[in-house]
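So the chains spell out like this:
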Amino acid sequence: MRYHHLYCDEAGVSHWRDVGITLEERIFAPPAAGIHVSEPEMVRAMMFLKLHAGWSEPAHPTPKRQTLVCLAGAVLVTAGDGETREIAKGDVWRMEDISGEGHHTRVIGDEDFEAAVIQFD
């Protein structure tokens, strides 16, 4: 498993990198057998969002350190260094570019973009 990580460097420029998720077998829901899970992270809030087909916005930093899980549709996200990534159904995107110029997002295709957002701070 992995997620797309968007972060900001000291100069205020956002960049992409892939982050692998470490899973360990644990008893998660006794009496069920052990399953492979990651370390837990404390969260502050969770919400759902929808961006309509054709939606596009100016570049901005993320308002909070958060993770987005795409449920439907797709967006094209451009980091400050110009690298783009498509975030589509099933993708996980960790946003940590909370300062600097941020990123630009636009919905691609004819389908609305739907996601769950988990905020940490």
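Conventions we followed
- Residues numbered from 1 in each chain as written.
- Predicted model: local features only at pLDDT ≥ 70, side-chain atom pairs only at ≥ 80, totals over all residues.
- Heavy atoms only, no water.
- Helix = DSSP H or I, 4+ residues; strand = E, 2+ residues; numbered from the N terminus.
- Buried < 20%, exposed > 50% of the residue type's maximum accessible area, 1.4 Å probe, protein only.
- Contact = heavy atoms within 4.5 Å.
- Pairing = 2+ DSSP bridges.
- Axes fitted to C-alpha atoms, helices over the stretch in contact; angles between N-to-C directions.
- Core = buried A, V, L, I, M, F, W, Y, C linked by side-chain atoms within 4.5 Å.
- Patch = residues over 30% accessible without salt bridge, like charges linked within 9 Å, V, L, I, M, F, W, Y side chains within 5 Å.
- Areas by Shrake-Rupley, 256 points an atom, 1.4 Å probe, with all protein chains shown as cover.
- Salt bridge = Lys/Arg side-chain N within 4 Å of Asp/Glu carboxyl O.

1. Points about the overall build of the chain
Working step 1: Per the secondary structure count, the chain includes zero helices and 11 strands.
Working step 2: Listed by position from the N terminus, the elements making up the chain come as β-β-β-β-β-β-β-β-β-β-β.
Working step 3: Taking the principal axes of its C-alpha atoms as reference, the chain extends roughly 50 × 35 × 25 Å.
Working step 4: Here the chain holds 121 residues, and the buried ones make up 32% of them.
Working step 5: Contacts in the chain between residues at least 24 apart in sequence constitute 67% of all its contacts with a sequence separation of at least 6.

2. Some remarks on the sheet that holds strand E10 (residues 104-107)
Working step 1: Spatially, the three strands line up as an open sheet ordered E8-E7-E10, and their pairing is antiparallel. Each edge of the open sheet is held by one strand with a lone partner, namely strand E8 (84-88) and E10. Averaged over all pairs of adjacent strands, the angle between their axes in this sheet comes to 25 degrees, without regard to strand direction.

3. Some points on the nonpolar core
Working step 1: Judged by nonpolar contacts, the single largest core of 15 residues is most densely connected at Trp16, Leu68, Val75, Val77, Ile87, Trp93 and Phe113.
Working step 2: At the level of elements, strand E6 (66-72), strand E7 (74-78), strand E9 (92-96) and strand E11 (113-119) are the ones that each hand at least two residues to this core.
Working step 3: Broken down by element, the residue count for this core peaks at three residues, all from E11.
Working step 4: Those residues in contact with phenylalanine 113 that lie beyond four places of it in its chain are Leu49, Lys50, Leu51, Leu68, Cys70, Ala72, Gly73, Ala74, Val75, Ile87 and Val107.

4. Side note on a nonpolar patch on the surface
Working step 1: On the surface, Met46, Phe48 and Leu71 cluster together into a nonpolar patch covering about 330 Å² of accessible area.
Working step 2: Position of leucine 71 among the secondary structure elements: in strand E6.
Working step 3: Overall, leucine 71 belongs to the partly exposed group, its relative accessible area being 39%.

5. Quick word on the sheet that holds strand E2 (residues 14-20)
Paired through their backbone hydrogen bonds, the strands of a sheet run either parallel or antiparallel.
Working step 1: Read across the open sheet, the six strands follow the order E2-E1-E9-E6-E11-E5; overall the sheet is mixed. Across the chains shown, the open sheet's two edge strands, defined by having one partner strand only, are E2 and strand E5 (45-51). On average, adjacent strands in this sheet sit at an angle of 25 degrees to one another, irrespective of strand direction.

6. What about the pattern of salt bridges?
Working step 1: What the rule picks out here adds up to eight salt bridges.
Working step 2: Note that arginine 2 is salt-bridged to aspartate 18, the shortest N-O span being 3.3 Å. Here the residue arginine 2 occupies a position in strand E1 (residues 2-8), and aspartate 18 occupies one in strand E2, the gap between them amounting to 16 residues.
Working step 3: Accessibility expressed as a relative area gives 45% for arginine 2, which makes it partly exposed.
Working step 4: Among the salt bridges present, the one from glutamate 114 reaches lysine 50, with a minimum N-O distance of 3.6 Å.

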